[in-house]
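Here is how the chains run, residue by residue.
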Amino acid sequence: MKDFKYANSILGVLFFVLGAWCYWESGEYVPWVEMEGQMGAHIFPRLFAGALMFLSALMIFMDVKQFTKATIISFDGIGVVFVIAVLCFAFWYFIPIVGFLSTATLFVCIITAIATRKLRIFDYISVVVVLSFIYFIFANLLKVPLPRGFFI
Amino acid sequence: MESVLMLMGGFRDILSFQGILSIFMGSAFGITIGALPGLNASMGVALLLPLTYGMAPLPAIVMLMSIYCGAIYGGSITAILLRTPGTTAAACTVFDGYEMAQNGEPGRALSMAATASFIGGIFSVIVLVFLSPPLARMALMFGPAEFFALCFFGLSIITSLSADNMVKGLISAVVGLLLGTVGIDIVTGVARFTFNFAELLNGVSFIPVLIGLFAVSQVFITFEQNILELGGVKQAISSLRISMKDLWSVSGTITRSSIIGTIVGILPGAGATMAAFIAYNESRRWSKTPERYGKGCLEGIAAPESANNAATGGSMVPLLSLGIPGSETTAVLIGAFMIQGLRPGPLLFREQPRLVYGLFAGMFMANVAFFVLGMLGSKLFAQVTKIPNKILLPTILVFATIGSYAESNSLTDVFLMFFFGSLGYFFRKLEFPVAPLVLALVLGPMAESNLRRGLIISGGDWSTFVTKPISLTLLAIGFFTLVMPFVRMYKERKKAKTA
């Protein structure tokens, strides 16, 4: 899909729904007993949710009436971003199961493979050396307790 | 005059082999800690605290103070080179620092950061030496009403940060304010937007949000654009130093930001991050060419960097004069004093004047040390931008992961970091500025808690915010800052119509 130009209106709707949902959810935080001079926990979330609904409605209005320049976005290259994002979340998921160093080694190698789209051994050695160095600094020198799983 | 003589004595005490070694070691360690995302000054001080058990009081505390000063400066290095602020105080430095690095001037940006940090730091030490008792008393005049007004003033910057697209900037800020409400409400104890996740009870951690929005989103964008051979820079590295002309051009900005940084630093709980944002906005507001901000201008680096380092000296004012730690790092430093059998406060000035002036001299030298290391290292640090992206991108992702995890040893923070990385990618793609979100997330919870505390103290009387002179002044300036961009927009439109 190329040069999508209704982004602002669609985003406006999404933000309006988010605002409405936050407004509804903050109804849960209304205190049972009102205390003098004390604002309930719901006031600020409601205020901000209301502001979000107003601003998103304004954005839709301005976009429809063409008061502002339409945001034209291109989705070229979004595929690779999607793959990287999925890999990031998979990395997060497997860290406590496999262990940080093992998962990170595999992760950086896959990221490098996607970046270069070639199988150059030197690139993999470089990133693994850098990763080991970072791991050594944090885990051994600074004693940051990085998660361990089945392996380190 | 007496203060000057005492200060000379302090320099005599600290300029020993052990003193200089502790200052340079502390500064080097501080710069490293500050540059590593997720590790901050308080962690650095806490890490080296056990090393000071066997040391004499003066070099021990000065070493820890050097870590503090070095770490605040160090945060700018990765902010400029990798779009990853090492500390929250360097969040503002990203806007212009990274752009300058992209334009082939990473060395110049780094030199500016080191110089501005040095001048800001030295300014605050001078204030600390000569004005700490009256300023500490002033800090005590700040109650919830004044703090709310200060937060409002800080938040009013949002409109000028959003000047390019006001509605989108404001939406971004409101999203940040909503995120700031996540967690246990400190007044009533109600859990808000936590959905029974215990990890969210403390709210959304700031570091993962920052790393995600700035660093991870940049990695995604770079992958999308398929830029593989060059690192951070699009062009060859041109200059590595700032000239006297550069320095002269930002002298007003540095002076103003140093004053702002010192004052905000003195206020307990305000901190270097708030100081940097306020200084950045004030610099932009006073500038004749505000449109250059965010595109890689020197003032955009000089303002936040001088302010955040000036806040280090400022935060020492209530600590040394009153024994009140105004920030996380100074709270850890109080521990160092206690380990040495000392109690900061008015009595320290009376009982141990030699040590106090030794500390002042040590802090002065700590600023010199990080400046020397920063300037020497800028050429070396700038080489990071020459690393090919195929190595740099996975490295940034690993750094980001460890940085997010290290703050509270929580994998939830890692998840949040990737989530905000994806959000940041879409925000940037859809032309939503991320700076208002970051600012709102920092100041929103502070503003809310102080407003509510102020109302509880006044028994629900809203006039408490406008009857106190400091609060009224700050609210008035905040209101002025808030509406100014709208007035400017109106004038520009009118001008365009008549033309």
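Residues numbered from 1 in each chain as written. Chains lettered and ligands numbered in written order. Predicted model: local features only at pLDDT ≥ 70, side-chain atom pairs only at ≥ 80, totals over all residues. Heavy atoms only, no water.

Enquirer: Explain the overall build of chain B here, please?
Expert: When helices and strands are tallied, chain B shows 22 helices and two strands. For a compact globule of 499 residues, the expected C-alpha radius of gyration is about 23 Å, and chain B comes in at 22 Å, within 12% of that figure. Based on the C-alpha atoms only, the size of chain B along its principal axes is roughly 65 × 60 × 55 Å. In chain B, which comprises 499 residues, the share counted as buried stands at 64%. Counted over contacts in chain B with a minimum sequence separation of 6, partners at least 24 positions apart contribute 79%. Carbon together with sulfur atoms contributes 66% to the accessible area of chain B, which is approximately 18100 Å² in total. Each charge sign in chain B was given a centre, from 32 positive and 24 negative side chains, and these centres are 7 Å apart. (Helix = DSSP H or I, 4+ residues; strand = E, 2+ residues; numbered from the N terminus. Rg over C-alpha atoms; globule rule 2.2 N^0.38 Å. Buried < 20%, exposed > 50% of the residue type's maximum accessible area, 1.4 Å probe, protein only. Contact = heavy atoms within 4.5 Å. Areas by Shrake-Rupley, 256 points an atom, 1.4 Å probe, with all protein chains shown as cover. Lys, Arg positive; Asp, Glu negative; His and termini not counted. Charge placed at Lys NZ, Arg CZ, Asp CG, Glu CD.)

Enquirer: Got a minute to help me understand the environment of isoleucine 125 of chain A in this structure?
Expert: Positionally, isoleucine 125 of chain A belongs in helix α5 (residues 121-141). As for isoleucine 125 of chain A and cysteine 109 of chain A, which are separated by 16 residues in sequence, their C-alpha atoms are 9.0 Å apart.

Enquirer: What is the right way to look at the interface of chain A and chain B in this model?
Expert: Accessible area lost during the coming together of the parts is what is often quoted as the interface size. Tallying the contact residues gives 64 residues for chain A and 60 residues for chain B. Here chain A and chain B share an interface that buries about 5500 Å² over both sides, 83% of which is from carbon and sulfur atoms. The closest approach of N and O atoms between aspartate 123 of chain A and lysine 390 of chain B, which form a salt bridge, is 3.6 Å. There are six residue pairs in polar contact (both at pLDDT 80 or more) connecting chain A and chain B. Taken together, the elements giving at least two residues each to the side of chain A that touches chain B come down to α1 (7-26), α2 (43-64), α3 (78-98), α4 (100-116) and α5 of chain A. (Buried area = accessible area lost by both parts, 1.4 Å probe. Salt bridge = Lys/Arg side-chain N within 4 Å of Asp/Glu carboxyl O. Polar contact = N/O pair within 3.5 Å; in protein donor to acceptor, adjacent residues only side chain to side chain.)

Enquirer: I would appreciate a short explanation of the packing of helix α3 (residues 41-48) of chain B against helix α4 (residues 57-82) of chain B in the present structure.
Expert: Each pair of packed helices can be described by the angle between their axes along with the distance between the axes. All names here are of chain B. It is the contact of α3 with α4, at a shortest axis distance of 9 Å, that shows an interaxial angle of 155°. Judged by the inter-axis angle, α3 sits roughly antiparallel to α4. Crossing hand, α3 versus α4: right-handed. Along its contact with α3, which presents Ala41, Gly44, Val45 and Leu48, the element α4 presents Met63, Leu64, Ile67, Tyr68 and Ala71. (Axes fitted to C-alpha atoms, helices over the stretch in contact; angles between N-to-C directions. Parallel < 35°, antiparallel > 145°, perpendicular 65-115°, else oblique. Left-handed = near helix turned anticlockwise from the far one by under 90°.)

Enquirer: Which parts of the structure should I look at to understand α3 of chain A?
Expert: Residue and element names in this part refer to chain A. With 21 residues, α3 should cover 30 Å at 1.5 Å per step; its first-to-last C-alpha distance of 29 Å lies within 8% of that length. The largest bend along α3 measures about 25° and falls at tryptophan 92, with the proline proline 96 one to four residues further on. By the burial criterion, the buried members of α3 are Val80, Val81, Ile84, Ala85, Leu87, Cys88, Phe91 and Ile95. Note on α3: the residue one or two positions beyond its end, glycine 99, has a positive phi of about 115°. (Expected span 1.5 Å × (residues − 1). Bend = angle between axes of the 7 residues up to and from the residue.)

Enquirer: Explain the packing of aromatic side chains here, please?
Expert: The geometry of an aromatic ring pair is captured by the separation of the ring centres together with the interplanar angle, meaning the angle of the planes. Under the definition given, this model contains 30 aromatic pairs over all chains. Note on phenylalanine 15 of chain A and phenylalanine 427 of chain B: the rings are 6.5 Å apart at their centroids and 75° apart in plane angle, and the pair reads as edge-to-face. Residue phenylalanine 15 of chain A is found in helix α1, and its partner phenylalanine 427 of chain B is found in helix α19 (residues 411-429); the two belong to separate chains. The residues phenylalanine 15 of chain A and phenylalanine 427 of chain B share a single accessibility class, namely buried. (Phe/Tyr/Trp six-rings, centres within 6.5 Å; stacked < 30°, edge-to-face > 60°.)

Enquirer: Help me out: how do you make sense of the domain arrangement of chain A in this one?
Expert: Its domain assignment divides chain A into domain 1 (7-64) and domain 2 (78-141). Just the C-alpha atoms count here: the centres of domain 1 of chain A and domain 2 of chain A sit 39 Å apart. (Domains from an automatic or database assignment.)

Enquirer: How should the packing of α2 of chain A against helix α9 (residues 166-180) of chain B be read in this particular structure?
Expert: The contact between α2 of chain A and α9 of chain B brings their axes to 9 Å, and the two run at 155°. Between α2 of chain A and α9 of chain B, the angle falls in the class roughly antiparallel. α9 of chain B is crossed by α2 of chain A, and the crossing has left-handed handedness. On α9 of chain B, the residues that touch Pro45, Phe48, Ala49, Ala51, Leu52, Leu55, Ser56, Leu58, Met59 and Met62 of chain A of α2 of chain A are Val167, Lys168, Leu170, Ile171, Val174, Val175, Leu177 and Leu178 of chain B.

Enquirer: When you look at the environment of alanine 366 of chain B in this model, what are you seeing that I'm missing?
Expert: All names here are of chain B. Along the chain, alanine 366 falls in helix α17 (residues 353-382). Sequence separation of alanine 366 and methionine 43 is 323 residues, and the distance between their C-alpha atoms is 18 Å. Non-local contacts of alanine 366, meaning those with residues more than four positions away in its chain, are made with Ile23, Ser27, Ser66 and Cys69.

Enquirer: Sorry, what's going on with the pattern of salt bridges here?
Expert: Side chains bearing opposite charge may pair, as long as their charged atoms lie close to each other. All names here are of chain B. For the structure shown, the criterion picks out 11 salt bridges over all chains. Arginine 354 is paired through a salt bridge with aspartate 13; the nearest N and O atoms lie 2.8 Å apart. Of the two residues, arginine 354 is situated in helix α17 and aspartate 13 in helix α1 (residues 2-14); the sequence distance between them amounts to 341 residues. For arginine 354, a relative accessible area of 59% puts it in the exposed group. When salt bridges that share partners are traced, they join Asp185, Arg192, Glu448 and Arg452 into one network.

Enquirer: Please clarify how unusual backbone geometry should be interpreted in this entry.
Expert: Residues and elements named next belong to chain B. A positive phi angle is found at arginine 83, which is not glycine, with a value near 60°. Of note, arginine 83 is situated in the loop between α4 and α5 (93-102). In this structure, asparagine 409 takes a positive phi of about 50° despite not being glycine. Position of asparagine 409 relative to the elements: it lies in the loop between α18 (389-408) and α19. Here asparagine 409 falls in the partly exposed class, since its relative accessible area comes to 39%.

Enquirer: Please explain helix α7 (residues 144-155) of chain B as it appears in this structure.
Expert: Each α-helix turn comprises 3.6 residues. Residues three or four places apart therefore point the same way. Residues and elements named next belong to chain B. The end-to-end C-alpha separation of α7 is 16 Å, in line with the 16 Å expected for 12 residues at 1.5 Å each. Within α7, 11 of the 12 residues are buried, leaving the element largely enclosed by the surrounding structure. Check the buried side of α7 and you find it contacts α8 (157-161), α9, α13 (271-286), α20 (435-458), α21 (464-467) and α22 (469-498).

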